[in-house]
Structures are given as structure tokens and as C-alpha cells.
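Fold and geometry: a report
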Amino acid sequence: MPKPPTRMGHCHLCGGFGKLSFEHVPPESAFNNQKVVTPDAKKVFELRDLDQLKNLTGKQSQRGQGGYTLCERCNSLTGHWYGSNYAAWAYQGADYLRRSNGCKTQLAYPYHLLPLRVIKQIACMFFSVNSPQFREAHPELERFALNKEAKHLPPHIRIYVGYLWSDRSRAAGVTGSMQLDKTSGVTRMRVYSEISFPPFSYILSLNSAAPEHDMLDITFFGNYGYDEFATLQLPIPMLSIYTPFPGDFRDRETVLQQSQS
Ligand SMILES: [Zn+2]
């Protein structure tokens, strides 16, 4: 088999300079082995009609979603420590999502998982979708991801999950949003990063209020031990994506309806 191509650069996880290998986000074993299309952001802003979003073409990746972000050592170590347990979690989620058939009624399904390994893989994915500077800003998160036994996410970081009922995917490095609560007049500032790829959307929030859309806070996955198995009833809300804007989980009907009012 031909060796996969490599590029030189700084690893987003350990910061070392060297050969980078292609890191799938999410892991290849979690349904991420198909051709994906990332719409060109410039074309998105030029759209006159939001309903044209479905016709957008863009950059194609034949090998799944991801990029040259991790050194070979980080890629293989984290894949070995967390990859298969993450895939098991994604398979259970995909099965529940299929059974729900997009129904918005929230059901708590039982998950059998190693919670610490799942949340560490999710943390690694956030390093990949962010620039190499993300690790400089969050050294405690780097330690959490690179020390397989380390427990507890840093106190300023929370991770949320929702089911993603959509044929679209989306990833965004750290971004900010302001939301004005019309009744109280209070402005909420949120700083977060997002990874959406069926069956799940994740928000990593930094020193911020909970996401605008209802999501389940799974920060507590970080409190388990590396070999600690759990069965958890998880009431994960259903989300959808239509626009390319991070944090916007409105479905197509809601977006079109609100753009007309
Ligand atoms: Zn590395």
C-alpha cells in the first residue's frame, strides 16, 4: 500500500515541528471515510437566497473530513488510546438517531461507554479544527488530551453535544457571538468552537454561557477514570444545520421562515 502523504508544520496538539499526518475529524472509523465537500465561504456570503445553500459546491476532500494537523506520534497515540472507544460512542449515537427518524421529542437512550476516552477524543478533534495557537492558549487542555490518565477538563472549558439531524457537516475554530435577550435587555457573549458531523454536533465553550440552542453538557465525562466503563442515560437534544454559521442549529424551515419575516 502507498504511504499516506505528509506535510511539514507545527503539530496542533504537542506543538512540535515536523512531519504532519492527515488527521480525520472525527476519526475515520466514525463514518468519516467518504468524500466531503466544504463550501467556499466567499460564495456563501454572496448568496442572495438562503435556499440556494443546498446547491453550493466547494472544495472536495476524497478521504473524509480533516487536515494535516497532528504529528505522526500524536496521531497514532491518541488514535490508539481513544479512537476505537470514540467510534463505539458514535455508532450508538448513529443508531439512536436513525431510530428517532428526526423526531424532535427528546429521549434519553442508554449509552455504554468509556466516558473519559470519548471526551479526550473530542478534545483532540478541537485541537485539529483550531490553529496551532489554540494549544498555547489552553495548555491545561493539551495536558488533558496528551496524558491519557489525566482527569477533569480545565474549569473554564465545557463541552456540549447534540444529535445532528442533517446531511451537512461544519467545523469552526474559536469564534464569538453576541446575543441580546429582548425581554431582559441583557447581552450574552459566547466564545466557542464547533464540530458538527453526523451523528453529533459538539460545542467547546470557553468561559461562556451555555450554547444558545439546547445541548447536553458532557463535561462530566472528564471525571471518569481511563478504564472506567459506564452506562449512562443521556438526554441528548436534536439539532439541525442549514447555514454555514457556527453555533446556528436552526433547521432549513426555520431559517427560511425567519428570513422572510
Ligand atoms: Zn504532536
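Below is a summary of the structure that appears in this document. As a convention, each chain's residues are numbered from 1 in the sequence order in which they are written. Selection of residues for local features in this predicted model requires a pLDDT of at least 70, selection of side-chain atom pairs for listing and counting requires 80 or more, and totals for whole chains, interfaces and linings are taken over all residues. Heavy atoms throughout the structure, all of them, feed into the side-chain values; hydrogens and water do not.

1. Some words on the coordination of the zinc ion
So the rule is basically this: Think of the donor list as every N, O and S atom within 2.8 Å of the metal, or within 3.2 Å for Na, K and Ca; water never makes the list, so a site can look incomplete. Any coordination sphere not matching a tetrahedral pattern (four donors, all angles between 85 and 135 degrees) or a square planar or octahedral pattern (four or six donors, opposite donors over 155 degrees apart, other angles between 65 and 115) is reported as irregular. Segments assigned H or I by DSSP are reported as helices when at least four residues long, segments assigned E as strands when at least two residues long, and all are numbered from the N terminus. Each residue's exposure class comes from its accessible area (1.4 Å probe, protein chains only) as a fraction of the maximum for that residue type: buried when under 20%, exposed when over 50%, partly exposed otherwise.
Taken together, the protein ligands of the zinc ion are Cys 11 (SG), Cys 14 (SG), Cys 71 (SG) and Cys 74 (SG), with distances of 2.3 to 2.4 Å. Between the four donor atoms coordinating the zinc ion, the angles at the centre fall across 103 to 114 degrees, so the site counts as tetrahedral. Each donor residue of the zinc ion lies on the same chain, and together they follow the pattern C-x2-C-x56-C-x2-C. Here Cys 11 is found in the loop between β1 (7-10) and β2 (17-24), whereas its partner Cys 71 is found in strand β5 (residues 66-71), with 60 residues between them in sequence. Of the residues examined, Cys 11 reaches a relative accessible area of 1% and is grouped as buried. On the accessibility criterion, Cys 71 (13% relative accessible area) is buried.

2. Focus on the nonpolar core
Inclusion rule: Definition used in this section: a nonpolar core is a set of buried Ala, Val, Leu, Ile, Met, Phe, Trp, Tyr and Cys residues joined via side-chain atoms within 4.5 Å. The criterion used for residue contact is that any of the two residues' heavy atoms lie within 4.5 Å.
Core analysis: the biggest nonpolar cluster contains 53 residues, and Trp 89, Tyr 111 and Tyr 202 have the highest contact counts within it. Broken down by element, this core gets its largest block of residues, nine residues, from helix α3 (residues 115-129). Beyond its immediate stretch of four places on either side in the chain, Trp 89 contacts Tyr 111, Leu 113, Val 118, Val 161, Phe 200, Tyr 202, Phe 221, Leu 234 and Ile 236. By size, the runner-up hydrophobic cluster in this structure holds eight residues, among which are Tyr 160, Ile 203, Met 215 and Ile 241.

3. Observations regarding the state of the cysteines
Worth spelling out the cut-off: By convention in this document, the label disulfide applies to cysteine sulfur atom pairs within 2.5 Å.
A full pass over the atoms with the stated rule returns zero disulfides. No disulfide involves Cys 124; its sulfur sits 8.1 Å from the nearest other cysteine sulfur, which is in Cys 74.

4. A short note on the sheet that holds β2
Filter applied, for reference: Think of it this way: DSSP has to see at least two bridges between two strands before they count as a pair. Axis definition: a line fit to C-alpha positions, over the contact stretch in the case of helices; interaxial angles, taken between N-to-C directions, run 0 to 180 degrees.
Spatially, the three strands line up as an open sheet ordered β1-β2-β5, and their pairing is antiparallel. The strands lining the two open edges of the sheet, one partner per strand, are β1 and β5. Shown here is a sheet whose adjacent strand axes are inclined to one another by a mean of 60 degrees, direction ignored. Direction of pairing for β1 relative to β2: antiparallel, over a ladder of four bridges. Residue pairing across strands places Arg 7 opposite Leu 20, the latter belonging to β2. This element, helix α2 (residues 72-100), spans β2 and β5 of the sheet and lies at about 100 degrees to β5.

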